[in-house]
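Coordinate analysis (summary)
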Amino acid sequence: MSPRVSPEALGGKVAVVAGATRGAGRGIAAGLGEAGATVICTGRSSRSGGIDSDYDRPETIEETAELVTRLGGTGVAVQVDHLDPQQVHKLAEKLRRDYGRIDVLVNDIWGAEKLKGAPPEWNTPIWEHNLDRGLRILRLGIDTHLITSHHLLPLLVAEPGGLLVEITDGTAEYNADRYRISVFYDLAKAAVNRLAYSQGHELAERGATAVAITPGWLRSEMMLDNWQVTEATWREALQDNRGDGLPTAPPAFASSESPRYVGRAVAAIAADPNRARWNQKSVSSAELAREYGFTDVDGTAPDSWNA
């Protein structure tokens, strides 16, 4: 089993990771960087400020771009609010001028972690749910993907072989008979799986592929902060009686994964000359790890969906 796709696999390829500031987006940008791609890292949180994020977090798109470059790719940070069609249109114009095309587009825009609430707020019925918060979840989780695809897919189909990746939570099969947190969250995550299906229908005749990928229990920056651990010490969260009032994670956290795992999943499909076999599919990072043989950063191959 190889830890990742070879460092030259995506050399000369241009990828856009929309929503690359943190979490899965940063991990995906890093995974593509490991494979040698040029990665345009977009998002609202920038060292230059100017665009408010729904989170009060320190991560920036510049940090992600620098990580991509350290890992062997070429990272480029571009500040974009993907809810603003004009800003995304300007991004498309810049990409057309600078590169003429893109080979990979990853729609990982989300930003609704706080809006979905903590576990005690889950399962709130729609008539009791805050409507403004619920509609904001849909705007952040669906509208952003539609706006980004509308403006950037012309660059993806400029040459055959392009790849569109929609990032969601749960495969279409898993979500089909499970209620996910709230009506609004459930709809957002199911819709993104369907977006890969419907866009794949439209892209196929133009020689491009669309696939939905879900990570498992993700050790994002926010998740690590929640358990007061780091990526290097995350297993300490599973210990009983941690002391100093530190919380203990549930046993299922043992099968969690780093953001790089889903990043390597995206890189593996992008490097596969037979990637069209995934068109319109909905798969997990763990499923792709079994198919392509890559591992997480610690050498494991976690699968929280089947733990």
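Here's what I pulled together on the structure shown here. (Residues numbered from 1 in each chain as written. Predicted model: local features only at pLDDT ≥ 70, side-chain atom pairs only at ≥ 80, totals over all residues. Heavy atoms only, no water.)

**Points about the overall build of the protein chain**
Each helix and strand counted, the protein chain has 10 helices and seven strands in total. Rg of the C-alpha trace for the protein chain: 18 Å, near the compact-globule value of 19 Å for 307 residues, within the 12% margin. Principal axes of the C-alpha set define a box for the protein chain whose edges measure 55 × 45 × 40 Å. Out of the 307 residues belonging to the protein chain, those deemed buried represent 54%. For the protein chain, the proportion of contacts with a sequence separation of at least 24, taken over those separated by at least 6, is 72%. (Helix = DSSP H or I, 4+ residues; strand = E, 2+ residues; numbered from the N terminus. Rg over C-alpha atoms; globule rule 2.2 N^0.38 Å. Buried < 20%, exposed > 50% of the residue type's maximum accessible area, 1.4 Å probe, protein only. Contact = heavy atoms within 4.5 Å.)

**Thoughts on the environment of Thr 300**
Its location among the elements puts Thr 300 in the segment after α10 (285-292). Looking at Thr 300, the relative accessible area reads 33%, which means it is partly exposed. Separated by 79 residues in sequence, Thr 300 and Glu 221 place their C-alpha atoms 20 Å apart. Setting aside chain neighbours within four positions, we find Thr 300 in contact with Tyr 261 and Thr 295.

**Some details on helix α5 (residues 131-156)**
Counted at 1.5 Å a residue, the expected span for α5 with its 26 residues is 38 Å, and the 36 Å between its end C-alpha atoms agrees. Where α5 begins, one side-chain oxygen reaches toward the backbone nitrogen of Asp 132, 3.1 Å away; that side chain belongs to Asn 130. (Expected span 1.5 Å × (residues − 1). Polar contact = N/O pair within 3.5 Å; in protein donor to acceptor, adjacent residues only side chain to side chain.)

**Here we look at unusual backbone geometry**
Not every positive phi belongs to a glycine, and Asn 123 is a case in point at roughly 70 degrees. Relative to the helices and strands, Asn 123 resides in the loop between α4 (113-116) and α5. Look at Gln 280: it is not a glycine, yet its phi comes out positive at around 70 degrees. Looking at where Gln 280 falls in the secondary structure, it is placed in the loop between α9 (259-270) and β7 (282-284).

**Section: the packing of α9 against α10**
Think of two packed helices as two axes; the pair is described by the angle between the axes and how far apart they sit. One way to put it is that α9 packs onto α10 with a least axis distance of 9 Å and a crossing angle of 50 degrees. Classified by the angle between their axes, α9 and α10 sit oblique to one another. Our pair here, α9 against α10, has a crossing hand that is left-handed. Side by side, α9 and α10 meet where Tyr 261, Val 262, Ala 265, Ala 268 and Ile 269 of the first sit next to Ser 285, Ala 286, Leu 288, Ala 289 and Tyr 292 of the second. Tallied by class, residues from the contact of α9 with α10 come to nine nonpolar, one polar and no charged. (Axes fitted to C-alpha atoms, helices over the stretch in contact; angles between N-to-C directions. Parallel < 35°, antiparallel > 145°, perpendicular 65-115°, else oblique. Left-handed = near helix turned anticlockwise from the far one by under 90°. Nonpolar A, V, L, I, M, F, W, Y, C, P; charged D, E, K, R; others polar.)

**Some thoughts on the packing of aromatic side chains**
With the rule as written, the count across this model stands at seven aromatic pairs. Ring geometry for Trp 234 against Phe 253: centres 5.6 Å apart, planes inclined by 90 degrees, an arrangement best described as edge-to-face. Separated by 19 residues along the polypeptide, Trp 234 in the loop between α8 (221-227) and α9 and Phe 253 in the loop between α8 and α9 bring together distant segments of the chain. With respect to burial, Trp 234 and Phe 253 carry one shared label: buried. Joined through ring pairs, the aromatic side chains of Trp 217, Trp 227, Trp 234 and Phe 253 make up one cluster. For Arg 219, the ring lying beneath its charged end belongs to Trp 234, and the centroid distance is 3.9 Å. (Phe/Tyr/Trp six-rings, centres within 6.5 Å; stacked < 30°, edge-to-face > 60°. Lys NZ or Arg CZ within 6 Å of the ring centre and 35° of its normal.)

**Some words on helix α1 (residues 23-34)**
Taking 1.5 Å of rise per residue, the 12 residues of α1 would be expected to cover 16 Å, and the 17 Å separating its terminal C-alpha atoms lies within 8% of that figure. In terms of burial, α1 is largely enclosed, as 12 of its 12 residues are buried. Here α1 has its buried residues at Gly 23, Ala 24, Gly 25, Arg 26, Gly 27, Ile 28, Ala 29, Ala 30, Gly 31, Leu 32, Gly 33 and Glu 34. Looking one or two residues beyond α1, the residue adopting positive phi is Gly 36, at roughly 90 degrees.

**As for the pairing of strand β6 (residues 209-214)**
Every regular strand shows the same layout, with side chains that alternate between the two sheet faces. Burial analysis of β6 places six of its six residues in the buried class, which makes it a mostly covered element. Across five bridges, the pairing between strand β5 (residues 163-167) and β6 is parallel. By the bridge assignment for β6, Leu 163 is matched with Thr 209. As paired strands, β6 and β7 are joined by three bridges and run parallel to one another. Paired with Thr 214 across the two strands is Ser 284, which belongs to β7. (Pairing = 2+ DSSP bridges.)

No statement about biological role is implied by the geometric values presented.
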